[in-house]
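# Secondary and tertiary structure notes
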Amino acid sequence: MATTYNNLYLDTRQMLRRAGVEAAQLEARELICRVSGKSREQFWLDLPLYAPEEVRNRVQELLRRRLEGVPVAYLLGEWSFYGLDLDVTPQVLIPRADTEVLAEHAIARAREAGQGARALDLCAGTGCVGLAIAAHVRTCRVVLADLSPDAVALCRQNIRRCGLLPQVTCFSVDAREDPPAQLWDFDVIASNPPYIPTAEIETLDKSVRDYEPHLALDGGADGLDFYRAIIRRWKRALRPEGWLLFEVGYDQAERVCALMEEESYRHVACHPDTRGILRVVEGQRPLSQGDAE
């Protein structure tokens, strides 16, 4: 049965809304754009046109999988973050709007550092935070680091996609261990580490619990294992007065602040996301390493 892109969009949006998908409008548009090969601008212009049968059938197939719980970003193979279109695979967490708060503050700190600034995205996943820094502070050299070989490979892919070679490089590292010799002298270290308490993973939404990698979710018994390690071990990778910034869980800001203060970080502060939840914690390394040890 013939149908326009407009009707296909409205029907898809309605099905997603009935399933409780909060971003139904965005997801319906992105699914149709992906299948039809249209840009977002062309999609809106072509709403009165009839959608080919193969487009309708493919949208219905992707919609079925979405309603089963598969995250839309994995269906599309890409997602937007801070103005960048990034490749996404089921081996990494999907970039989220909350993490743009971390990117925003990391970009500000990188700009403050001036010419020759160096930034590290630790537990990088897609590389979204580090790539946002690089795209918005073109004088800053950026390193993306993750333990997962799949994540490191995807980071390299996204560096190329964003046209940020040779400004950005990648390393495979374990954030819970001491920094390797080549990862030193950063003005900014930004990290969105695993922070879900192990026992809470089974209570997460199905789309997260069943499809996103637990390696990138599990933060240990209280969710703070990575924070403890990074705050203590990676302080030495910061230049004097360099900044360490974290994304944190909805109830973790106060405890992460306390961990940073215990390690003598200065100017420790929290920043809210768009819902007023304290989402980013940052602190500055002491003037001399001796002050903190």
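Described in the following lines is the structure provided in the data block. Remember, it's a predicted structure, so these values are computed and weren't measured experimentally.

Turning our eyes to something else, we now look at the overall build of the protein. When helices and strands are counted, the protein shows 11 helices and nine strands. Over its C-alpha trace the protein gives a radius of gyration of 21 Å, about what one expects of a compact globule, namely 19 Å for 293 residues. Scored against the burial criterion, the 293 residues of the protein give a buried share of 53%. Counting contacts in the protein only where the partners sit at least 6 residues apart, residues at least 24 apart contribute 66% of the total. Accessible surface, the protein as shown: approximately 13,500 Å² in total, 49% of it carbon and sulfur.

The axes of two packed helices give the description: the angle between them and the distance between them. One can describe the packing of helix α6 (residues 99-113) onto helix α7 (residues 128-136) by two numbers: an axis separation of 9 Å at closest approach and a directional angle of 40°. In this view, α6 runs oblique relative to α7, as classed from their interaxial angle. Handedness of the α6/α7 crossing: right-handed. Here α6 contributes Thr99, Leu102, Ala103, Ala106, Ile107, Ala110 and Arg111 to the contact with α7, which in turn contributes Val129, Ala132, Ile133 and His136. Residue composition of the contact of α6 with α7, grouped by class: eight nonpolar, two polar and one charged.

Formed by 35 residues in total, the largest nonpolar core has its most connected members in Leu122, Ile189, Tyr227, Ile231, Trp234, Leu244 and Phe246. Mapped by element, the contributors of at least two residues to this core are β3 (118-122), β4 (141-146), β6 (186-191), α10 (225-233), β7 (238-247) and α11 (253-262). For this core, the element with the most residues is α11, which contributes five residues. When sequence neighbours within four positions are dropped, the list of residues in contact with Tyr227 reads Pro193, Tyr195, Phe246, Glu247, Val248, Gly249, Gln252, Val256 and Leu259.

Here seven strands make up an open sheet; going across it, the order is β5-β4-β3-β6-β7-β9-β8 and the pairing mixed. With one partner strand each, in any of the chains shown, β5 (168-172) and β8 (266-272) form the two edges of the open sheet. Ignoring strand direction, the axes of neighbouring strands in this sheet form an average angle of 15°. On the sheet, α10 packs against β3, β6 and β7 and is oriented at approximately 170° with respect to β7.

This structure, assessed with the given rule, holds five aromatic pairs. Summarising the aromatic geometry, the rings of Phe43 and Trp44 are spaced 4.9 Å apart at their centres and angled 65° between planes, so their arrangement reads as edge-to-face. A relative accessible area of 39% means that Trp44 is categorised as partly exposed. Arranged with centres 6.4 Å apart and planes meeting at 40°, the rings of Phe81 and Tyr82 form a pair that is tilted. With relative accessibility at 1%, the residue Phe81 sits in the buried group. Taken together, the ring pairs connect Tyr9, Phe43 and Trp44 into an aromatic cluster. Of note, Arg109 hangs over the ring of Trp243, and the distance from its end group to the ring centre comes to 3.6 Å. Positioned above the aromatic ring of Phe186, the side-chain terminus of Arg118 is 4.4 Å from the ring centre.

We now examine the pattern of salt bridges. Evaluation of the coordinates by the stated rule reveals 26 salt bridges. A salt bridge links Glu282 to Arg109; the nearest nitrogen and oxygen atoms lie 2.8 Å apart. With Glu282 in strand β9 (residues 278-284) and Arg109 in helix α6, the pair connects residues that are 173 residues apart, well separated along the chain. Accessibility classification places Glu282 together with Arg109 in one group, the buried group. In this structure, the salt-bridge partner of Asp273 is Arg279, at a minimum N-O distance of 3.2 Å.

What follows deals with the layout of surface pockets. Of the pockets and cavities examined, the second largest pocket occupies roughly 160 Å³. Taken together, Glu30, Cys33, Arg34, Lys38, Ser39, Arg40, Leu76, Glu78 and Asp85 make up the full set of residues lining the second largest pocket. With three residues, helix α2 (residues 24-36) is the single largest residue contributor to the lining of the second largest pocket. The residue makeup of the lining of the second largest pocket, split by class, is two nonpolar, one polar and six charged.

What counts and what doesn't
- Residue numbers here run from 1 along each chain, matching the order of that chain's written sequence.
- Under the rules for a predicted model, residues below a pLDDT of 70 receive no local features and side-chain atom pairs below 80 are neither given nor counted, while totals for whole chains, interfaces and linings still include all residues.
- Remark: hydrogens and water are excluded; side-chain values derive from all non-hydrogen atoms of the structure.
- Secondary structure is summarised from DSSP: a helix means a run of H or I of at least four residues, a strand means a run of E of at least two, and numbering begins at the N terminus for each.
- The reference for a compact globule is 2.2 Å times residues^0.38; the radius of gyration itself is calculated from the C-alpha atoms.
- Only protein chains enter the accessibility calculation, which uses a 1.4 Å probe; a residue is then buried when its area is under 20% of its type maximum, exposed when over 50%, and partly exposed in between.
- By the convention used here, residues are in contact when the closest approach between their heavy atoms is within 4.5 Å.
- Throughout, the Shrake-Rupley method with a 1.4 Å probe supplies accessible areas, and for residues the shown protein chains are the sole cover considered.
- Axes, fitted as lines to C-alpha atoms, cover a helix only where it is in contact. Angles between the N-to-C directions of the axes lie from 0 to 180 degrees.
- Roughly parallel here means an angle under 35 degrees, roughly antiparallel means over 145, roughly perpendicular means 65 to 115, and every remaining angle is called oblique.
- Helix crossings get a hand from a simple test, with the near helix turned counterclockwise from the far one by less than a right angle marking a left-handed crossing and a clockwise turn marking a right-handed one.
- Each residue is assigned to one class: nonpolar for Ala, Val, Leu, Ile, Met, Phe, Trp, Tyr, Cys and Pro, charged for Asp, Glu, Lys and Arg, and polar for all the others, Gly among them.
- Definition used in this section: a nonpolar core is a set of buried Ala, Val, Leu, Ile, Met, Phe, Trp, Tyr and Cys residues joined via side-chain atoms within 4.5 Å.
- Pairing between two strands is assigned when DSSP locates at least 2 bridges connecting them.
- When the centres of two rings from Phe, Tyr and Trp lie within 6.5 Å, Trp using its six-membered ring, the rings pair. Their planes under 30 degrees apart give stacked, over 60 give edge-to-face, and anything left gives tilted.
- Note on geometry: a ring has a charge over it if NZ (lysine) or CZ (arginine) is within 6 Å of the ring centre and within 35 degrees of the ring normal.
- Throughout this description, the term salt bridge denotes a Lys or Arg side-chain nitrogen within 4 Å of a carboxyl oxygen of Asp or Glu.
- Think of a 1 Å grid over the protein atoms and nothing else: a 1.4 Å probe that fits but is trapped marks a cavity, an open set flanked by protein within 12 Å on at least five of seven lines marks a pocket, and residues with an atom within 4 Å of a point count as lining.
- Grid points are joined across faces, edges and corners, and a volume is the space filled by probe spheres set on the points.

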